[in-house]
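# Coordinates in review
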Amino acid sequence: SVQDMMRKNFGEKYLKQIKCVFPQAYLYAWQKVLGKYGQKKDDHELTILPNLDYKNSILKEEGGPTESKVRGKMGPQMMIERRNIFHNSLLQIVRDQHKEFLKHMDLHVDDSKITRWHKDFDVESCREIDTVDLPEKPNSGVKLTTAQEVLEKASDIFNLNPKLGESLMEAAKKLQKEKEEKEAAKAAEKAKSSVTSSPAPPPAKEPVVPKALKGINPKLLEKIRAKEAQKAVLEMTRDEGQIKKIKQFRRLPNVARMTRAVFVSEKKASLMLEFVLKKLVQSYPGNVEKTILEEDLRVLNTETKGWLRIQRVRTADYVQVNAAGDINAICQSLEQTLKSMENSSS
């Protein structure tokens, strides 16, 4: 049914991975197969039921106080809540792998401050989700309750086929011998490790130096790496507002040059804001919304110290540009502001 709905393969492995990510989501039990007229057969089938009381299951594992037991059917709110729990559990698994990645790169960042992945961390190449075993299928068929019944059953098999009995006995002896050898080796290794002192930690691997940086002073290389690490930490700990502002300031020099070009081509001291926005949308490389360009012009109004002004006259906004202003100096000032924002954590 799941394969038909998703139009994708869904096997036992995915079920085990789901149990690993959200173990309290479902209840798993083996039940006897019912025949045509309700008779129970010797064979069993795995039954999966949604655990409506998953909250109490989680609270019991965490040692918290339990709530009243949930009864009834699974509603939309519960489905959304279960999906969010599953999503957050998956996200936590990726965060743990990202933490290992940062530790390997010798970067120490507080988890609560990280807002985005490291630029070199490939989310698509994360390790596969672990699996958790499902309940074992109960033994079906004849139940052998006493040792006498087991011996009688084995003797019946050996009498029917003596060669099979001999081969089984040889295989059993071989397996028992291998098991004893493994246990002896493990015990000897454990005794050896307890007697000898703890081994010295392996020497730290020297970082690989790119071809372009070979021959440079090692102290200078350390400074470059430290600067790159600091930049990576800043990029990971910025909030959405800071990221949006940096992206905006990266556009501003280009928007300023394009706005000046509009005024030069129109040969006017002031133009309506709607007209300027229309020209910018038409000439801006790539697709960009008019509202975004309007925000950029209003930021230029405050950041260019009078070079670009937006004034409201009656019911319309007008844009004025100082033709005598040096556009190169304006763009350089914006780039300096952008550089200070990229090097700052606040």
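Everything that follows concerns the structure shown earlier in this document.
Residues numbered from 1 in each chain as written. Predicted model: local features only at pLDDT ≥ 70, side-chain atom pairs only at ≥ 80, totals over all residues. Heavy atoms only, no water.

### Side note on the nonpolar core
In this structure, L297, L300 and L308 are the most contacted members of the largest nonpolar core, which totals 30 residues. For this core, the elements supplying multiple residues, two or more each, are α8 (240-266), α9 (273-283), α10 (290-303), β4 (308-313), β5 (316-321) and α11 (327-342). Of all the elements, α8 adds the most residues to this core, at eight residues. Within the second largest apolar cluster, five residues are counted, among which are F22, L52, Y54 and M78. (Core = buried A, V, L, I, M, F, W, Y, C linked by side-chain atoms within 4.5 Å. Buried < 20%, exposed > 50% of the residue type's maximum accessible area, 1.4 Å probe, protein only. Helix = DSSP H or I, 4+ residues; strand = E, 2+ residues; numbered from the N terminus.)

### Description of unusual backbone geometry
In this structure, K267 is a non-glycine residue whose phi angle is positive, near 55°. As for its placement among the helices and strands, K267 is situated in the loop between α8 and β3 (270-272). Phi angles above zero are rare outside glycine, and R314 is one such case at about 60°. Within the secondary structure, R314 sits in the loop between β4 and β5.

### A look at the sheet that holds β4
Taken together, three strands build an open sheet; the order of strands is β3-β5-β4 and the sheet is antiparallel. Edge positions in the sheet fall to β3 and β4, since each of these pairs with one other strand and no more. Neighbour-to-neighbour, the strand axes of the sheet open up by a mean angle of 30°, direction not taken into account. Sheet contacts for α9: β3 and β5; angle to β3, the most-contacted strand, approximately 80°. Along the sheet, α10 contacts β4 and β5; its crossing angle with β4, the most-contacted strand, is approximately 110°. (Pairing = 2+ DSSP bridges. Axes fitted to C-alpha atoms, helices over the stretch in contact; angles between N-to-C directions. Contact = heavy atoms within 4.5 Å.)

### Section: the packing of α9 against α10
Two elements in contact, α9 and α10, have axes whose closest approach is 10 Å; the angle formed by their N-to-C orientations is 115°. Handedness of the α9/α10 crossing: right-handed. For the pair α9 and α10, the contacting residues are L273, E274, V276, L277, L280 and V281 in the first and K290, L293, E294, L297 and R298 in the second. Its residues assigned to classes, the contact of α9 with α10 comprises seven nonpolar, no polar and four charged. (Left-handed = near helix turned anticlockwise from the far one by under 90°. Nonpolar A, V, L, I, M, F, W, Y, C, P; charged D, E, K, R; others polar.)

### Digging into α9
Every buried residue belonging to α9 is among L273, V276, L277 and L280, and all of these are buried. Buried residues of α9, viewed axially, fall in a sector of 100°; they line one side. Facing away from the buried side of α9, by more than 90 degrees, are the exposed residues K278 and Q282. Contact partners of the buried residues in α9: α8, β3, α10 and β5. (Arc of directions from axis to C-beta.)

### Examining the pattern of salt bridges
Applying the stated criterion across every chain yields a total of 11 salt bridges. With a closest N to O distance of 3.3 Å, E81 and K55 form a salt bridge. On the criterion of sequence distance, the pair formed by E81 in helix α4 (residues 76-104) and K55 in helix α3 (residues 54-62) is long-range, its members being 26 residues apart. What makes K55 partly exposed here is its relative accessible area of 35%. Where E274 meets K290, a salt bridge forms, and the shortest distance between an N and an O atom there is 3.1 Å. (Salt bridge = Lys/Arg side-chain N within 4 Å of Asp/Glu carboxyl O.)

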